Amino acid sequence: MIANLDGDLIAFRCAASVGDLGEEEIAILRTDKLMRDLLYNTDSESYRCFISGRGNFRKILNPDYKANRKDKPPPKWLQACREYLTKEWNAILCTGREADDDLGINQQEDSICVSLDKDLRMIPGWHFNWLQNEKSYVTPLGGIQHFYKQMLIGDKTDNIFGVTGIGPVKASKLIEPLETEQEMLDIVLGLYDNDCKRFLMNANCLWIMQKENEVWQQRVDLSILPDQLKQELEMTVDSMRSLMEGISMGLGMKSPTTCGILNNGELMVESPPILEMT
């Protein structure tokens, strides 16, 4: 099994666990221990660890994306934990997009997505929640249902607003009985009051890539779109293509097949250059 590890969350939680008065060494030790525990608990023989680097195409699509986080200081030792993962665990810096996207792109039959982030439940395949010590499997239908539920709920932590008055329970009641993406899309767009521009912006921001540089509007079947939404999408085709080409040409860092293997209990890694998060 290959563990695809959410380095953003690992670094954040370990840094936050010691607080501002704690020592850097303790935060680093906890980071190392958590990494080893995750590999052991998922029975993984190799791993890929992803960390968000510079830039994020979502902030170009929506300038308010994560703008609510600007005044919230990060944990004191967050950068130290990120650097440790990069130097000692060969974590991959995902530039121009988020680590979540690389977790989605690199999910395959013999891998497991290791995170606590509920957004990643739109990615089909195996998942591991280390707080619950629980493995679970997301089907393709379950993944697309999760995405459309997120469209209704929104994501306040990322400053994305869905439909007023709809939370997880109501979203589940609306989406889970449905079996086709067209049914889900029609219901959600209707609840957006057919505001195609807002629908498209939220869809592209909430969708986690599952193919290289493929946002929601590039993967959806155009034949299921109502005319108004199709027209809105067609108006943005060229700009979206240019944005994704920019990521693939210079902003993005392509992930390797594996960034670490366990060899008789010893981690064999190489250290890539370090970039600070912006």
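Our subject is the structure listed above.
Residues numbered from 1 in each chain as written. Predicted model: local features only at pLDDT ≥ 70, side-chain atom pairs only at ≥ 80, totals over all residues. Heavy atoms only, no water.

Caption draft 1: Fine view of the environment of Lys211. Topologically, Lys211 is positioned in the loop between α9 (196-206) and α10 (216-219). Here Lys211 falls in the exposed class, since its relative accessible area comes to 54%. (Helix = DSSP H or I, 4+ residues; strand = E, 2+ residues; numbered from the N terminus. Buried < 20%, exposed > 50% of the residue type's maximum accessible area, 1.4 Å probe, protein only.)

Caption draft 2: Inspection of the environment of Arg58 at higher detail. Among the structural elements, Arg58 can be located in helix α3 (residues 57-61). For Arg58, a relative accessible area of 2% puts it in the buried group. Here the alpha-carbon distance between Arg58 and Leu206, two residues 148 residues apart in the chain, equals 8.9 Å. Filtering out sequence-adjacent residues up to four positions away, Arg58 remains in contact with Tyr65, Glu98, Asp101, Asn204, Cys205, Trp207 and Ile208. In terms of polar contacts, Arg58 uses its side chain to reach the backbone carbonyl oxygen of Cys205, at 2.7 Å. (Contact = heavy atoms within 4.5 Å. Polar contact = N/O pair within 3.5 Å; in protein donor to acceptor, adjacent residues only side chain to side chain.)

Caption draft 3: Fine view of unusual backbone geometry. The backbone of Asn90 sits at a positive phi, close to 60°, despite the residue not being glycine. One can find Asn90 in the loop between α4 (78-88) and β3 (92-96). Using a relative accessible area of 13% as the deciding quantity, one classes Asn90 as buried. Although it is not a glycine, Asn194 sits at a positive phi angle of roughly 55°. Relative to the helices and strands, Asn194 is located in the loop between α8 (181-191) and α9. Judged by its relative accessible area of 42%, Asn194 is partly exposed.

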